Structures are given as C-alpha cells and as structure tokens.
Amino acid sequence: MTLLENRPADLTDPLVVHEPGPADGPWWRDAVIYQVYPRSFADGNGDGIGDLPGITARLDHLAALGVDAVWLSPFYRSPQADAGYDVADYRDVDPLFGTLEDFDALLSRAHELGLRVVVDLVPNHTSDDHVWFQEALRTPPGSPERARYLFRDGRGEHGELPPNNWQSIFGGDAWTRLTPEKHGVDDGQWYLHLFDTRQPDLDWTNPEVRAEFEDVLRFWLDRGVDGFRVDVAHGMVKAEGLPDWDGHVAMIDGAEGEGAADGEPTGVGNQGPMFDQDGVHEIYRTWRAVLDEYDGDRMLVAEAWVEPLSRLARYVRPDEMHQAFNFAFLATGWDAPALRKVVAASYAVNDSVGAPTTWVLSNHDVVRHASRLGLTDPSSRPNGIAAEDEQPDEELGLRRARAATLLLLGLPGSAYLYQGEELGLPEHTALPAEVREDPAFFRTNGVERGRDGCRVPLPWQADAPGFGYSPTGDTWLPQPASWAAYAADVQDGVPGSTLELYRAALRLRRSERLGTGGAAWEPAYADAPEVIAVRNGSVLVVANLGSVPVALPEGAEVLLASGLPGDAEVGTELPGDTTAWLRVR
Ligand code: GLC
Ligand code: CA
C-alpha cells in the first residue's frame, strides 16, 4: 500500500491523517482507560476471588501508573455463569464482590485520586436468574412477561426443532427449549441466547425493556459513575422475523469476515441478522439524551465487533455513543502495512463523525497481546491457548508487546489498557481443563480453549503466597510460577521494567498532549515497509516491526524506547521489534 491510501478527503497535506484537536475538550476524548476485571485484580477478604474493597485498596497503583479512568467489568448480582456478564440484578453488587457501600467507597476514593470510573452495562441479555426471566417461566406463551425475551415456538411437527438455525457465540445452538425437568414448564417454547443458555436475550423492540435500562443508567449516574461500557452493543436488535443465517458467528476468532473494504482487516465482526442492525442506533440516541441531562461529561463506549470501520463509526455519531473499541486495531497483529492502513482508516472514519479514535490491544476476551505477538503467526487470534497448543515465545512476545503499546500510546485518541499489561504479563497458556470456567470451553467440548488464560489473578508481590493477590494466598485460577518475575513490586522503580515503561509513556503522553495531538506519516520512512512512523506534535513515534535495524533521523533525541532491559541504548539505529519516541523540531 502507499502511505496515501485511506486518508480523509478534506485534508490538504497528503501525509496528514488526523488534525490536532482542542486541548480543553471533554476528558474522554484523549483518556487512557484501564480495565479492571474485578474477580482477578485484588482479593480483599481472602476467598480467592477479587472484590471491590480489594480494588479500592489498590487504586493508588492506578493513580501512580498515570491513567485517567478505570473501567470495571461487571460486579452486579449474578450466578456467574459467564463471570458476571449474566446479570441477575442490575442495581446491586454481588455478595462475591461486596456491597453497594463498597462500590460507593471505591467511587469516592477513585474520584479523590482523580480517576474517573466507567461501569459495564450488559443490555443484550440477562441472567436466567433475573426476576424477569423467572416471571416469564411462570406465565404462558404470549404473556407480557415472555414478551421481554425472545421466546418462540419451535419448528417441526411438534415444535421439536429450534425456531431458526442460529448458533451461540460460545458454540452450540442459540436456542434452548423449555422442559418440565429444567424449567418446570411444559409448553415447549424455545428462547434465544446468543451466548450461554443461562443468558437469555432480551427483546429490544419491547418498550418495557427500553424503559428499564434507561432507569438502570440513571441508577448508576445518580451514584456518580462517569460512564458505561456497553456490552455487545451491536447485538441488541435482531432482524425482523429472525431469519436463518448460515454465516459464522464469532467475536474473537480469526474467521474471515464479509463486507470489509478492500485491504481492511476482517474477522472482527459479523454481518448476520443478529448483529449491527440499524435499530440499535435509536437506542443509543435515547441513552445519549439521558447522559446529556447529567453534568460532568459522562460517556458511553461501545463494545461492538463490527466491520468495516465505517460501520463502527455509526455508533459514535454526534448524538450516539462517545467512543467505540477499535477491535480492527487489536485484530491486525504484527504487520506494518496492515497497521498503517487501520490507523489511517480509524482516523478517517472517526473524524468524519467528530469522535475520538480509540486504541486497544488486550481485554478479558482475547489472548493477552504479550502472548499473541509471540506466536509463529503474530497476527493470529486463537481463542485461548492450552498446554498442547503452540506455546508463544515469551521474550519475543514481550518485546513486541512493549513496542506495540508504545505505538498505541503515541497515537492521538483514547487508549484502553487491560489490567496486568502494564506488568508485561503473558497469558496463562497451560491452564488444565479442570480449572477452566469459560462457558465457551464447555460449549465447544474444549475445542475453543476459552478466555480463562487472560483472566488469571494479578501478581502484586513476588514473594507472597498467591503473589500478594489475596491475604490467604488463594486464587480462583492458578498463577504460573514464572509470574514472580512480573510481580508489581519487583518492577516498581526498576529502570527499564515494563511497569516503569508504561509510567514513563503515560507521563510523556500527558505532558506532550499526545492524546489530543495530530498524526502525520513521517516522509523519511515512506520506503520502509516494516516501519510505522507517525509525527504527533514535536514527537516522532517510530515503530520498527521488522527484524533489521533502521536508521533514526540524525540528531533526534530519544525520549523513550521500548527495548527490553539489557538491550543496548537506542542511538542512531532502531532495532527490530522496537518503538521509540523521538523529539523532533
Ligand atoms: C462481551 C463480554 C464477554 C461476554 C459477552 C457476553 O463480549 O466482553 O466477556 O462473555 O459479552 O456478555
Ligand atoms: Ca474476595
């Protein structure tokens, strides 16, 4: 590709892909947002499962890291069939994680430290323990209680076949039939669940469902949260008539997607009748209006596995959400031409609707990027890794992960970090089947290894039981012994450690205002296929994705480089798999 492809039509300088924004815009436009996965961050009471008091006690770590906000994955009442993404009560904290008072304490401590707090909203489905689903089971077909979900009669002579051929994203049928044994019901209707059988999908054409979630938004806004991450934001509305679809349903595997523009990464989203329907946008317009009633720049970020990027941009039009996760970037892997293309396309589509671009490499649903990038194919995206699979090259993975992160943090926009990546944590790639909990593992008979390997409790102290995650040393998933080397305490204050690299990058990003800066390709590298070189103000970000060193501009001052401790200092050349930030005038 040439550097000029995919650039916005209204920019006059052919190398510019994004113009700087105002430095005094709302906080979320350039925020670095750190994802806390509550069950694995820090355990306060010693039962082996992370909790809200555990998080509160460790908020200092995040303030010292230099992030702007924390996003908390679900901590609501839930039977934990999908680690809390199966919500039984949207207005209460699960006893596993604490109480509403614990939440208020977390929020006020975070605000004291200058950290915003974003919570997770799961509107596509509830838990089957939710009072609505229980009521639906107690009332006959056609009742208003059933109409909150997608109950249908089956096909076949006796309704013995599912209403359509949709597959669950976790594997197996997307429909479950009611039975006297399991549900105490003998009418034989089926209900839709795009995910686990314990996660029935809501019917978003029902005004009662819409009213309920507006009220849930207000409940948390009134408590003082700064925003919401909206789960499966592309899935809530289904095509009318729920037509059959033969396509492949997946969020996180590398399957080829359809409909992407030439050269755009594919396999990040779905085009089926259950995804990305026009009707979802009306919901977000309503929610935006609710948020706009509140002061303090509250925000919405979409989890929408949608492609191409121009479809994703529709979620962040001025009267809808504020941001959407950029999964196209996450999915691109270690491929300079492809990454340049995604970077340019990301700015083009987001700028066209006035939204900030976001960047993300890891979260609780994907193999950690320090491990993905150490695979023989560093652009592959397996759904989990087990001991019998190819094991990533840990050192190469870490080297590339640090380089990838330094590229990401040098780009204007908003950045999402996943807990533990600031320690350079690899995936747990050898979890035994007996300890796995991800429903995707069970629903595919282990073919999909699932997401447990990126959800292992964090190592805080190298020499404490459970690496200091829990006062008793208990951890709900085992930690690899090799994680002693990654513990926060052994990296704290150590020059060149991954933790200090993140801190330095976040400090510089703030002082140089990189988040609200502009982005222009550096012409000196126009002919270097393995290099991504972006000029952002007086900082030049140069990432060398190849294995051969490349020359750096003469006289450039190196502000920060991603090389591993023990690497020679970056001078006139940038080694392979390394990113540097340079001062240029
Ligand atoms: C989202 C969450 C994922 C969850 C799924 C169902 O993709 O990130 O963890 O399993 O939705 O709620
Ligand atoms: Ca606990």
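Structure: see above.
Note that this is a predicted model, so its numbers are computed, not measured.

Glancing now at helix H7 (residues 207–223). Given a rise of 1.5 Å per residue, 17 residues ought to cover 24 Å, and the 25 Å separating the end C-alpha atoms of H7 matches this to within 8%. The complete set of buried residues in H7 reads Val209, Arg210, Glu212, Phe213, Val216, Leu217, Trp220 and Leu221. The N-terminus of H7 is capped by Asn206, whose side-chain oxygen sits 2.9 Å from the backbone nitrogen of Glu208. Of the residues one or two after H7, Gly224 is the one with positive phi, at around 115°.

Only Asp43 (OD), Asn45 (OD1), Asp47 (OD), Ile49 (O) and Asp51 (OD) from the protein reach the calcium ion (ligand 2) as donors, at distances of 2.2 to 2.3 Å. Along the chain, the residues donating to the calcium ion (ligand 2) fall in the pattern D-x1-N-x1-D-x1-I-x1-D.

Taken in spatial order, the three strands line up as S7-S9-S8 in an open sheet, and their pairing is antiparallel. Each edge of the open sheet is held by one strand with a lone partner, namely strand S7 (151–152) and strand S8 (175–177). In terms of strand pairing, S7 meets strand S9 (residues 190–192) through two bridges, oriented antiparallel. Bridging from a neighbouring strand, Phe151 pairs with Tyr191 of S9.

Where helix H13 (residues 394–410) contacts helix H16 (residues 498–511), the two axes come as close as 10 Å, and the packing angle between them is 10°. The pairing of H13 with H16 is recorded here as roughly parallel in orientation. Here Leu398, Arg402, Thr405, Leu406, Leu408 and Leu409 of H13 come into contact with H16, specifically with Thr498, Leu501, Tyr502, Ala505, Leu506 and Arg509. Here the contact of H13 with H16 is built from residues that sort into eight nonpolar, two polar and two charged.

Okay, the pairing of strand S2 (residues 32–36) next. A large share of S2 lies buried, amounting to five of its five residues. Burial of the side chains of S2 extends over both faces: Val32, Tyr34 and Val36 are buried on one face and Ile33 and Gln35 on the other.

Structurally, Gln419 is set in the loop between strand S14 (414–418) and helix H14 (439–443). Residue class for Gln419 comes out buried when judged on its relative accessible area of 1%. A distance of 2.7 Å separates the side chain of Gln419 from the backbone nitrogen of Tyr37, its partner in a polar contact. Contact partners of Gln419, with chain neighbours within four places excluded, come to Tyr34, Gln35, Val36, Tyr37, Ser40, Phe41, Arg368 and Leu458.

With that settled, the discussion passes to the side chain of Asn326. Residue position: Asn326 is located in the loop between strand S12 (323–324) and helix H10 (327–332). Polar contacts involving the side chain of Asn326 include one to the side chain of Ser346, which spans 3.0 Å. Residue contacts for Asn326: discarding those within four places in its chain leaves Leu309, Val342, Ser346, Thr357, Thr358, Trp359 and Val360.

Regular strands have side chains that alternate between both faces of the sheet. Within strand S21 (residues 578–583), six of the six residues are buried, leaving the element largely enclosed by the surrounding structure. Here S21 shows two buried faces, one formed by Thr578, Ala580 and Leu582 and the other by Thr579, Trp581 and Arg583. Where strand S17 (residues 539–544) and S21 come together, six bridges link them in antiparallel fashion. Residue pairing for S21: Val539 is matched across the bridge by Arg583. Bridging between strand S19 (residues 557–561) and S21 involves four bridges; their strand directions are antiparallel. What sits directly across from Val558, in S21, is Leu582.

Rules of the game
- Residues numbered from 1 in each chain as written.
- Chains lettered and ligands numbered in written order.
- Predicted model: local features only at pLDDT ≥ 70, side-chain atom pairs only at ≥ 80, totals over all residues.
- Heavy atoms only, no water.
- Helix = DSSP H or I, 4+ residues; strand = E, 2+ residues; numbered from the N terminus.
- Expected span 1.5 Å × (residues − 1).
- Buried < 20%, exposed > 50% of the residue type's maximum accessible area, 1.4 Å probe, protein only.
- Polar contact = N/O pair within 3.5 Å; in protein donor to acceptor, adjacent residues only side chain to side chain.
- Donors = N, O, S within 2.8 Å, 3.2 Å for Na, K, Ca; no water.
- Pairing = 2+ DSSP bridges.
- Axes fitted to C-alpha atoms, helices over the stretch in contact; angles between N-to-C directions.
- Parallel < 35°, antiparallel > 145°, perpendicular 65-115°, else oblique.
- Contact = heavy atoms within 4.5 Å.
- Nonpolar A, V, L, I, M, F, W, Y, C, P; charged D, E, K, R; others polar.

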